[in-house]
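# Chain and residue survey
Spelled out from the first residue to the last, the chains are:
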Amino acid sequence: VLAIIALEQPVTKKYIEKIRGSSCDVQLKKLLELSFITPVSRLDTPGKPYLFGTTDTFLKFFGISDVGDIPKIEELKELLD
């Protein structure tokens, strides 16, 4: 769940669950408790779901200086091709 958020942020819970194929309620709750993720805004669709992104705590814990240093999924796919 954390990898999906870090690589694709900002993302909704529904998007994470679509990628995983299962619920992520417990994981989101734990990541919020650890302050690794935070709701950054709400999507302008019915229900106004939260969009989640990583925090400074996440960046410090993993030794990343800026969120822009996290590669996008497309960049990782190119490396694997």
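The structure contained in this document is the topic of the report that follows. (Residues numbered from 1 in each chain as written. Predicted model: local features only at pLDDT ≥ 70, side-chain atom pairs only at ≥ 80, totals over all residues. Heavy atoms only, no water.)

## Some details on the packing of aromatic side chains
Here the structure, examined in full by the defined rule, presents six aromatic pairs. Both rings, one in Phe 36 and one in Phe 61, keep their centres 5.1 Å apart while their planes meet at 45°; by these two values the pair is tilted. One end of the pair, Phe 36, is in the loop between helix H3 (25-33) and strand S1 (37-42); the other, Phe 61, is in helix H4 (residues 56-61), with 25 residues separating them in the sequence. Judged by relative accessible area, which is 10%, Phe 36 ranks as buried. With a relative accessible area of 57%, Phe 61 lands in the exposed category. (Phe/Tyr/Trp six-rings, centres within 6.5 Å; stacked < 30°, edge-to-face > 60°. Helix = DSSP H or I, 4+ residues; strand = E, 2+ residues; numbered from the N terminus. Buried < 20%, exposed > 50% of the residue type's maximum accessible area, 1.4 Å probe, protein only.)

## Remarks on the pairing of strand S2 (residues 50-54)
Counting buried residues in S2 gives four out of five residues, a clear majority hidden from the surface. Note: S1 against S2, five bridges, orientation antiparallel. Paired with Pro 39 across the bridge in S2 is Phe 52. (Pairing = 2+ DSSP bridges.)

## Here we look at unusual backbone geometry
Note the cis peptide between Gln 9 and Pro 10, where omega equals -5°. Residue Lys 48 is not a glycine yet carries a positive backbone phi of 45°. Examined against the element boundaries, Lys 48 turns out to sit in the loop between S1 and S2.

In short, shape yes, function no, at least from these values alone.
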